[in-house]
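Below are the chains, spelled out letter by letter.
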Amino acid sequence: MLKPLRRTASRLLIAAVFMWPLTWQVTQAAAWDLKEASKPYSGQTIRMVGEALPPLEALKKMAPEFEKQTGIHVEVEMYEHSEAVNKVQLDLNSHRGRYDVIIQPHRELGKFATNNHLVEIAKMMADPALRDPSFEPEKQLYQTAWHEISWYDGKEYGFPFTVLNMFMWYRSDLLADPKEQAGFKAKYGYDLAPAKDWKQYRDIAEWFYRPDQGFYGTALQGKRHEALWYEWLNFLYSFGGDVLDVKSGSACGPVIVNSPKAVASLEYYKSLLQFSPPDSLNYFWDDVMALMQQAKVAELIMWNDATYAVSVDTTASTVVGKVGFDLVPQGEGGKIGQVEGWTYLIPIYSKNPQAAFLFVQWMMGYDRQLEQHLNGGASGRPDVYASAEVQKLPYAKASMEANEHAVPKATLPQSAEMTDILVRELSSYLAGEKEAQAALDTAATDISTLLGSCAPMTYPAR
């Protein structure tokens, strides 16, 4: 009987040895506690800044719970998109350190990183006193989105505040109306349904264009503003075009924004103005969102983080339960979406970087991500999208599918200038000052000059 007992003891010893790392990890995870980790920083105030939209409003409502647990006070400043970007740029350039957390569009990341304005978040993640072992971004986040939105040149600078994309909004109640269906089919020869291609999109816009009733087929974001560039990119990608011929947002490569496909996309885009409100050249995203909320437009292209304000918030929207969501119509480029997002970043000038990290890490937890998503956010966690509550949201499927087909955009240090160039030239075309080819030729020339030898023009200006 001794030999079997020895064998059993040996097996138990071997099992214990192999189980030790797992046991140690579980013990470590259980040992880390937010309240204990935050004690050295209790009483500090962290100030953050971002865009005034539902995701940040949801964060602000959750912040008191973090304050209760940690004693760290959180102040949140909310501004319109451009103002939020400009305030951060001024603060970073002055080195004042007003902000401990900046929530910024990822197109700004290359400029911030190359100017050494940011804390490399990996250094804080490596600190066992700060790192919550249960937070595993390499497993819990959409990896492509995280790397495009929050990394630059192989370095990790933050985590996604929102993983954004744009898709089609349409009045599902009108498309299902028997009278509208009969009239539409009599005129166009096919069934009225959410547009799958750009011909159908144009036909639907034309059919519902009823200015005498204060109702419009579509609404463009034609103001000289970043919104114009963002909206047109959907058309550019869908038509098979792009700005640069690259595979990653941080890469520099040939300029192709004046290709025949790009020109065709811009000409089609402008053709929709005839079915839009007369003041469309003064509209940006807030304006077209309000049109849908007020039941004044049949279809448009808009952001996923604004869908809550249209399809859920009954205090602001008159069309709750009457709006459907789908991918942008397909062209030669097939199914497309945009890689876009705002990311949590900590400036090196922050006076309270550890407290800031603890708050960001806390916000990335499943429970907070779920609550934020249900209140207008756009989480970077697949497990949040998989939850039964999120799946009930009318826009969940469209948002997930757009993420799957997303096209990266530039995060180069010059990306802001590239955007400015395109906004200027797109605006000049919409205003009738230039033809589409001439506007995009100028944009291509200026972008190539801006980026230098890494970005030759594939299509010479005519």
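One can find the structure itself at the top, above this paragraph.
None of the values given here were measured: they were computed from a predicted structure.

(A) Expanded view of the nonpolar core. Formed by 149 residues in total, the largest nonpolar core has its most connected members in Phe159, Trp169, Trp232, Tyr344 and Phe359. Ranked by residues supplied to this core, first place goes to helix α12 (residues 226-238) with 9 residues.

(B) Main features of the packing of aromatic side chains. According to the stated counting rule, one finds 29 aromatic pairs in the structure shown. Ring centres of Trp169 and Phe325 lie 6.0 Å apart, and the angle between their planes is 85 degrees; this geometry places the pair in the edge-to-face category. Here Phe325 lies in strand β9 (residues 323-326) and Trp169 lies in strand β7 (residues 166-171), a separation of 156 residues in the sequence. The interplanar angle of 70 degrees and the centroid separation of 6.4 Å between the aromatic rings of Phe208 and Phe215 together place this pair among those described as edge-to-face. Given the relative accessible area of 0%, Phe208 is considered buried. Positioned above the aromatic ring of Tyr79, the side-chain terminus of Lys87 is 4.8 Å from the ring centre. Directly above the ring of Phe284 sits Lys223, whose terminal nitrogen or CZ lies 5.2 Å from the centroid.

(C) View of the state of the cysteines. For the structure on display, the rule yields 1 disulfide. Disulfide pairing places Cys252 opposite Cys454 at an S-S distance of 1.9 Å. Since a negative S-S torsion denotes a left-handed disulfide, the Cys252-Cys454 link at about 70 degrees is right-handed. Residue Cys252 is found in the loop between α12 and α13 (260-271), and its partner Cys454 is found in the segment after α22 (436-451); the two are separated by 202 residues along the sequence. Residue classification places Cys252 among the partly exposed residues on the basis of a relative accessible area of 29%. With relative accessibility at 32%, the residue Cys454 sits in the partly exposed group.

(D) Structural view of the sheet that holds strand β8 (residues 299-303). Strand order across the open sheet formed by 3 strands is β8-β7-β9, with antiparallel pairing between neighbours. Looking at which strands have only one partner, the edges of the open sheet turn out to be β8 and β9. Taking each pair of neighbouring strands and ignoring which way they run, the sheet shows an average axis angle of 35 degrees. Lying on the sheet, helix α11 (residues 198-207) is in contact with β7 and β8; it crosses β8 at an angle near 115 degrees. Packing against the sheet, helix α14 (residues 285-293) makes contact with β7, β8 and β9, and its axis sits at approximately 130 degrees to β8.

(E) Layout of α13. With 12 residues, α13 should cover 16 Å at 1.5 Å per step; its first-to-last C-alpha distance of 17 Å lies within 8% of that length. Of all the residues in α13, the buried ones are Ala262, Val263, Ser265, Leu266, Tyr268 and Tyr269. Buried residues in α13 make contact with α11, α12, α21 (415-430) and α22.

(F) Inspection of empty space enclosed by the protein at higher detail. Here the structure, examined in full by the defined rule, presents 2 cavities of 30 Å³ or more. The volume enclosed by the largest cavity comes to roughly 140 Å³. Glu51, Leu53, Trp285, Trp303 and Asp305 are, among the 14 residues lining the largest cavity, the residues nearest its centre. Mapped by element, the contributors of at least two residues to the lining of the largest cavity are α14, β8 and β11 (340-345). Ranked by residues supplied to the lining of the largest cavity, first place goes to α14 with 3 residues. Taken together, the residues of the lining of the largest cavity sort by class into 9 nonpolar, 1 polar and 4 charged. Counted as a void, the second largest cavity has a volume near 50 Å³. Surrounding the second largest cavity, Glu51, Leu53, Pro55, Leu56, Phe161, Thr162, Asp305 and Trp342 form its lining. If you list the elements that add at least two residues to the lining of the second largest cavity, you get α3 (54-70) and β6 (158-164). Looking at the lining of the second largest cavity residue by residue, the classes come out as 5 nonpolar, 1 polar and 2 charged.

Calculation criteria
- Residues numbered from 1 in each chain as written.
- Predicted model: local features only at pLDDT ≥ 70, side-chain atom pairs only at ≥ 80, totals over all residues.
- Heavy atoms only, no water.
- Core = buried A, V, L, I, M, F, W, Y, C linked by side-chain atoms within 4.5 Å.
- Buried < 20%, exposed > 50% of the residue type's maximum accessible area, 1.4 Å probe, protein only.
- Helix = DSSP H or I, 4+ residues; strand = E, 2+ residues; numbered from the N terminus.
- Phe/Tyr/Trp six-rings, centres within 6.5 Å; stacked < 30°, edge-to-face > 60°.
- Lys NZ or Arg CZ within 6 Å of the ring centre and 35° of its normal.
- Disulfide = S-S within 2.5 Å.
- Pairing = 2+ DSSP bridges.
- Axes fitted to C-alpha atoms, helices over the stretch in contact; angles between N-to-C directions.
- Contact = heavy atoms within 4.5 Å.
- Expected span 1.5 Å × (residues − 1).
- 1 Å grid on protein atoms, 1.4 Å probe; cavity = no way out; pocket = protein on both sides within 12 Å on 5 of 7 lines; lining within 4 Å.
- Points joined across faces, edges and corners; volume = space filled by probe spheres on them.
- Nonpolar A, V, L, I, M, F, W, Y, C, P; charged D, E, K, R; others polar.

Worth remembering: the numbers are spatial, not functional.
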